[in-house]
Amino acid sequence: VLAVRARLAAFVREIHDGTRHGATGERFTDVINIGIGGSDLGPAMAVAALHPFHTGHLRCHFVSNVDGLQLADLAAELDPAHTLVIVCSKTFTTQETLANARRVRAWLAGRLGEAAVPKHFAAVSTNHEAMNAFGVGADARFPMWDWVGGRYSLWSAVGLALELAIGTAHFEALL
């Protein structure tokens, strides 16, 4: 758990300081967290509740609805060159999450090319093979464990979007 926390902190630091950037070399300005249940609601509510502590580095967006409206609105508003996507799925098999992840992947790859996918996606899951098949870069895969329940997900790597929003110091204070 502590090793994953250290990797998350390093990832957040690299996003914030611009050393980790998108395929075009530009900094990320937006992050889309795709999940459902504990992989969505906890982080989304915490990001909203802790807005006074946001670092200002990124705008956070949360997508859980499979009807496509949330994504259509975001695709019209966001520039894929500046967008980081986090797919949060314990098993990486949840239908709603994967449907949304595939839509965002198609949008991003359609605009930036297939080679951009590993630069723009991170994932939190127990399923390493599925993250690999999806195209998530090895250095942007964060494990969670099968014993992490939905309402406690925020305390696992599922809290990545929140940590990106408020910074590691505030996130660790929350924990």
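Just so it is clear, the structure is predicted and the values come from calculations on it, not from any experiment.

Draft legend 1. Molecular detail of helix α2 (residues 41-49). The complete set of buried residues in α2 reads P43, A46 and V47. The arc that holds every buried residue of α2, seen down its axis, measures 100 degrees, which confines them to one face. Turned more than 90 degrees off the buried face of α2, the exposed positions are L41, M45, A48 and A49. Summarising the contacts, the buried residues of α2 are in contact with β2 (59-63) and α7 (160-174).

Draft legend 2. Main features of the environment of V63. Structurally, V63 is set in strand β2. Residue class for V63 comes out buried when judged on its relative accessible area of 0%. In this structure the C-alpha to C-alpha distance between V63 and I32, which are 31 residues apart in sequence, comes to 7.0 Å. What V63 contacts, discounting residues up to four positions off in sequence, is I32, N33, I34, G35, D40, Q70, L71, L74 and N100.

Draft legend 3. Spatial organisation of the packing of aromatic side chains. For the structure on display, the rule yields 3 aromatic pairs. For the pair F11 and F142, a centre-to-centre distance of 5.2 Å together with 75 degrees between the ring planes defines the contact as edge-to-face. Within this pair, whereas F11 is found in helix α1 (residues 2-17), its partner F142 is found in strand β5 (residues 141-143), the two being separated by 131 residues in sequence. When sorted by exposure, F11 lands in the same class as F142, which is buried. Aromatic ring contacts, followed pair by pair, group F92, F121 and F134 into a single cluster. Geometry around F134 places R105 over its ring, the cationic atom sitting 5.4 Å from the centre.

Draft legend 4. Region of the structure containing the nonpolar core. If you look at the biggest cluster of nonpolar residues, it comprises 55 residues, and the most contacted ones within it are I86, F121, L160 and L164. When residues in this core are grouped by element, the largest group, 7 residues, is from α7. With residues up to four places along the chain from it excluded, the contact list for L164 reads V12, I15, H16, V31, T55, L58, L84 and I86.

Draft legend 5. Up close: the packing of α1 against α7. Between α1 and α7, the shortest axis-to-axis distance is 10 Å and the interhelical angle comes to 105 degrees. Between α1 and α7, the angle falls in the class roughly perpendicular. For the pair formed by α1 and α7, the contact residues are R5, L8, A9, F11, V12, I15 and H16 on the first element and L160, E163, L164, G167, T168, F171 and E172 on the second. Across the contact of α1 with α7, the residue classes break down as 8 nonpolar, 3 polar and 3 charged.

Conventions and cut-offs
Residues numbered from 1 in each chain as written. Predicted model: local features only at pLDDT ≥ 70, side-chain atom pairs only at ≥ 80, totals over all residues. Heavy atoms only, no water. Buried < 20%, exposed > 50% of the residue type's maximum accessible area, 1.4 Å probe, protein only. Helix = DSSP H or I, 4+ residues; strand = E, 2+ residues; numbered from the N terminus. Arc of directions from axis to C-beta. Contact = heavy atoms within 4.5 Å. Phe/Tyr/Trp six-rings, centres within 6.5 Å; stacked < 30°, edge-to-face > 60°. Lys NZ or Arg CZ within 6 Å of the ring centre and 35° of its normal. Core = buried A, V, L, I, M, F, W, Y, C linked by side-chain atoms within 4.5 Å. Axes fitted to C-alpha atoms, helices over the stretch in contact; angles between N-to-C directions. Parallel < 35°, antiparallel > 145°, perpendicular 65-115°, else oblique. Nonpolar A, V, L, I, M, F, W, Y, C, P; charged D, E, K, R; others polar.

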